[in-house]
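Next come the chains, spelled out residue by residue.
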Amino acid sequence: MKPGVGPGDDFEAVVGSLRARVRTAPQVHLLLGSGLGGLERVVEVEEDVPFGEVPGMPSAGVPGHAGHFIFGRCEGVPVLVQCGRLHFYEGHPPWVISAPSRIAAALGVKSSVITAAVGGVDRHLRPGDLMVIDDHINLLARTPLPPPAQAADANPFPDMSAPYDAGLQKAAVEQAARLGVRLVRGTYTALLGPSFETPAEIRMVERMGGDVVGMSVVPEVLTLRARGVRVLGFAMVTNMACGVGMAPGAEGADAISHDEVLEVGNRAGAVLERVIRGMLAGGALSG
Ligand code: HPA
């Protein structure tokens, strides 16, 4: 069997070679989506591993998604920082999409912090807002999980009654309050992308009870929960979703650009970084 992340590959060999590169096993997995590059710069780096160095993984290719793992310490806590992620809309198979989360779980992290840029659907949201994710709706119409008969290292039918850890949500809300940061709670809705949504699709999401929309998060949460890792999810509202809060046909009502997402994401990301660093420093993620 050759080392790799695919079905029939030696996944343990991949994990073993990564483990051998670092002195301390990571305790916390930090998945940095668009706009959170600043957190990367405050990590004391021990090893930097481009996705492409992991057998079977592609180097990520979306602007704003660099595609590498950093092993190191942040606020004294051993961390595995995943800079950038792989999306279903890039055409990757499920085992590639799930590979970074499977690696984090196999390395024994105690918790995972998943971050993502989103469009705001709830009308009380504003661009720049931060939301702690308390539930999700999977409209990707696909799963990163293997067929149950092949789920060797995971729960074949993972429970999803509480995908986002209640204790970590509470710790996040408390940390934000200490810093005077506005942090709301809500439901994340995953759509495939890469196109942004139509006004009718956003009306559907609103009626279903989704507060924000994005093109990621859910695959990672499913993969991590199938392996018992505690998950904390943060959504950064980079724009209001298509048509929300605007008269239909109004100028600018329908235009969302990836550049806008990155620009607002950078600002909101700087605030979110302070919340995550505070949680790390206080032991909330590694305890
Ligand atoms: N829709 C989907 N994904 C997104 C959006 C959006 O409006 N903004 C940032 N990511």
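For the structure given in this document, a descriptive report is provided here.

Another point: the packing of helix 5 (residues 166-179) against helix 8 (residues 258-281). Packed helix pairs are specified by the crossing angle of their axes together with the interaxial distance, meaning the distance between the axes. At their nearest, the axes of helix 5 and helix 8 sit 9 Å apart, and the two run at 115° to each other. Between helix 5 and helix 8, the angle is such that the two are roughly perpendicular. The interaxial crossing formed by helix 5 with helix 8 has right-handed handedness. For the pair helix 5 and helix 8, the contacting residues are Leu168, Ala171, Ala172, Gln175, Ala176 and Leu179 in the first and Arg274, Val275, Gly278 and Met279 in the second. The residue makeup of the contact of helix 5 with helix 8, split by class, is seven nonpolar, two polar and one charged.

With that settled, consider the layout of surface pockets. Estimated volume of the largest pocket: approximately 510 Å³. Residue lining of the largest pocket: 23 residues in total, with Arg102, Pro146, Gln150, Asp153 and Arg227 positioned closest to the centre. Contributing elements (two or more residues each) for the lining of the largest pocket: helix 1 (11-19), helix 3 (94-97) and helix 4 (99-106). If one sorts the elements of the lining of the largest pocket by residue count, helix 4 sits on top with three residues. Split by residue class, the lining of the largest pocket holds 13 nonpolar, five polar and five charged. Of the volumes computed, that of the second largest pocket is approximately 330 Å³. Ala117, Phe196, Met215, His258 and Val261 are the residues nearest the centre of the second largest pocket, which is lined by 23 residues in total. Taken together, the elements giving at least two residues each to the lining of the second largest pocket come down to strand 5 (111-120), strand 8 (212-214), strand 9 (230-240) and helix 8.

With that settled, consider the state of the cysteines. This structure, assessed with the given rule, holds zero disulfides. Distance from the sulfur of Cys83, which forms no disulfide, to the nearest cysteine sulfur (Cys74) is 11 Å.

What follows concerns unusual backbone geometry. Of the consecutive residues Gly193 and Pro194, the connecting peptide bond is found in the cis state with omega at -5°. Within the secondary structure, Pro194 is located in the loop between strand 7 (183-191) and helix 6 (199-208).

The rules behind each value
- Residues numbered from 1 in each chain as written.
- Predicted model: local features only at pLDDT ≥ 70, side-chain atom pairs only at ≥ 80, totals over all residues.
- Heavy atoms only, no water.
- Axes fitted to C-alpha atoms, helices over the stretch in contact; angles between N-to-C directions.
- Helix = DSSP H or I, 4+ residues; strand = E, 2+ residues; numbered from the N terminus.
- Parallel < 35°, antiparallel > 145°, perpendicular 65-115°, else oblique.
- Left-handed = near helix turned anticlockwise from the far one by under 90°.
- Contact = heavy atoms within 4.5 Å.
- Nonpolar A, V, L, I, M, F, W, Y, C, P; charged D, E, K, R; others polar.
- 1 Å grid on protein atoms, 1.4 Å probe; cavity = no way out; pocket = protein on both sides within 12 Å on 5 of 7 lines; lining within 4 Å.
- Points joined across faces, edges and corners; volume = space filled by probe spheres on them.
- Disulfide = S-S within 2.5 Å.

Coordinates in, geometry out; function isn't part of it.
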